[in-house]
Amino acid sequence: MEQVTNHKDIHFELVEAVRRQDRTAQFELYQLYAKAMLNTSYRIVYDQMEAEDVVQEAFVKAFGSIDQFRGDASFGSWLKRIVINGALNVLKRRKELMDINDQNEEEWIEEPVSYDTLEVNQVKAAVAELPDGFRIVFTLYMFEGYDHKEVASILNITESTSKSQLNRAKVKLRELLKNMYNYER
């Protein structure tokens, strides 16, 4: 009779093989996650070469510290945190990461935003124009699916700062879309 294991990670067997230094398993995990991690990295650093470097370094770090992976979350979630931290470090090294800690933290009511009449590339171009602090919070919340508590933890800010930065990013994005594409909403 086959033993059923209750693991959160669908790639548990591959991760276990990586723990045993199996190069084929490393390559398989790389193939499974590289594109998604590159997209995540790129949305933060907005430079293809730097995004690629971040992903390569993240895989090296993940494989080198695989014993620290406890399996509390999926391997993909764990790897994504490594990628995001690496991308944020790139911005810090560039000294372009603006201080997103508000002196006057306000509670913002999140307004729904619909971009359904725009092309994806138009929205991407406008997001690329957001200041780093706005873009990072917007990306982590809207694209990566983190909630405000998680964004606050990742960026070492308060939840209310995350909320206000997201709202400001949306306001700025509307302004950019209006100016770039005559979009009214």
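Scoring rules and cut-offs
- Residues numbered from 1 in each chain as written.
- Predicted model: local features only at pLDDT ≥ 70, side-chain atom pairs only at ≥ 80, totals over all residues.
- Heavy atoms only, no water.
- Axes fitted to C-alpha atoms, helices over the stretch in contact; angles between N-to-C directions.
- Helix = DSSP H or I, 4+ residues; strand = E, 2+ residues; numbered from the N terminus.
- Parallel < 35°, antiparallel > 145°, perpendicular 65-115°, else oblique.
- Left-handed = near helix turned anticlockwise from the far one by under 90°.
- Contact = heavy atoms within 4.5 Å.
- Buried < 20%, exposed > 50% of the residue type's maximum accessible area, 1.4 Å probe, protein only.
- Polar contact = N/O pair within 3.5 Å; in protein donor to acceptor, adjacent residues only side chain to side chain.
- Phe/Tyr/Trp six-rings, centres within 6.5 Å; stacked < 30°, edge-to-face > 60°.
- Salt bridge = Lys/Arg side-chain N within 4 Å of Asp/Glu carboxyl O.
- pLDDT = per-residue confidence, 0-100.
- Core = buried A, V, L, I, M, F, W, Y, C linked by side-chain atoms within 4.5 Å.
- Arc of directions from axis to C-beta.

**A closer look at the packing of helix H2 (residues 23-45) against helix H3 (residues 48-64)**
- Between H2 and H3, whose axes approach to 8 Å, the crossing angle comes to 135°. As the angle between them shows, H2 and H3 are arranged oblique. For the pair H2 and H3, the crossing hand works out as right-handed. For the pair H2 and H3, the contacting residues are Gln-26, Leu-29, Tyr-30, Tyr-33, Ala-34, Met-37, Leu-38, Ser-41, Tyr-42 and Val-45 in the first and Gln-48, Glu-50, Ala-51, Glu-52, Val-54, Val-55, Gln-56, Phe-59 and Phe-63 in the second.

**Focus: the environment of Thr-161**
- Tracing the chain through its elements places Thr-161 in helix H8 (residues 159-181).
- Since its relative accessible area comes to 0%, Thr-161 is described here as buried.
- On a C-alpha basis, the gap between Thr-161 and Val-151 in space is 9.7 Å, while along the polypeptide they are ten residues apart.
- In terms of polar contacts, Thr-161 uses its side chain to reach the side chain of Thr-158, at 2.8 Å.

**So, the packing of aromatic side chains**
- Inspection of every chain in the model, using the stated rule, returns eight aromatic pairs.
- Aromatic pair Phe-59 and Phe-63: ring centres 5.7 Å apart, planes at 50°, arrangement tilted. With a gap of four residues between them, Phe-59 and Phe-63 both fall in helix H3, about one helical turn apart.
- Judged by relative accessible area, which is 3%, Phe-59 ranks as buried.
- Put simply, the rings of Tyr-33, Phe-69, Phe-75 and Trp-78 touch in pairs and so form one group of aromatic residues.

**Points about the pattern of salt bridges**
- According to the stated counting rule, one finds seven salt bridges in the structure shown.
- The residue Arg-19 makes a salt bridge to Glu-16 at a minimum N-O spacing of 2.9 Å. On the criterion of helical spacing, the pair formed by Arg-19 and Glu-16 is a turn pair, its members being three residues apart in helix H1 (residues 12-19).
- Taking relative accessible area as the criterion, Glu-16 reaches 22% and is therefore assigned partly exposed.

**Describing the confidence of the model for the protein chain**
- Predicted confidence across the protein chain gives a mean pLDDT of 83, with 81% of residues reaching 70 or more.
- Considering each helix and strand of the protein chain separately, the mean pLDDT is smallest for helix H5 (residues 120-128), with a value of 84, and largest for H3, with 96.
- Note that pLDDT drops below 50 for residues 1-6; the model gives that stretch zero contacts with residues more than four away or on any other chain.
- Counted against residues more than four places away or in other chains, residues 102-112, with its pLDDT under 50, gives 26 contacts.

**Section: unusual backbone geometry**
- Although it is not a glycine, Gln-21 adopts a positive phi angle of roughly 65°.
- Within the secondary structure layout, Gln-21 lies in the loop between H1 and H2.
- In this model, Asn-156 sits at a positive phi of 60°, which is unusual for a non-glycine residue.
- Tracing the backbone through its elements, the reader meets Asn-156 in the loop between helix H7 (148-155) and H8.
- Residue Asn-156 is classed as exposed on the basis of its relative accessible area, which comes to 67%.

**Some remarks on the nonpolar core**
- Counting residues in each nonpolar core, the largest one holds 50 residues, and the members touching the most others are Leu-29, Ile-44, Phe-75, Leu-79, Leu-130, Leu-140 and Leu-155.
- Among the secondary structure elements, those contributing two or more residues to this core are H1, H2, H3, helix H4 (75-94), H5, helix H6 (132-143), H7 and H8.
- The element contributing the most residues to this core is H4, with ten residues.

**Section: H5**
- For H5, every residue scored as buried is listed here: Val-123, Ala-126 and Val-127. Down the axis of H5, the buried set is contained in an arc of 100°. They therefore lie on one face. Exposed residues lying more than 90 degrees from the buried face of H5 are Asn-121 and Lys-124.
- Buried residues along H5 sit in contact with H6 and H8.

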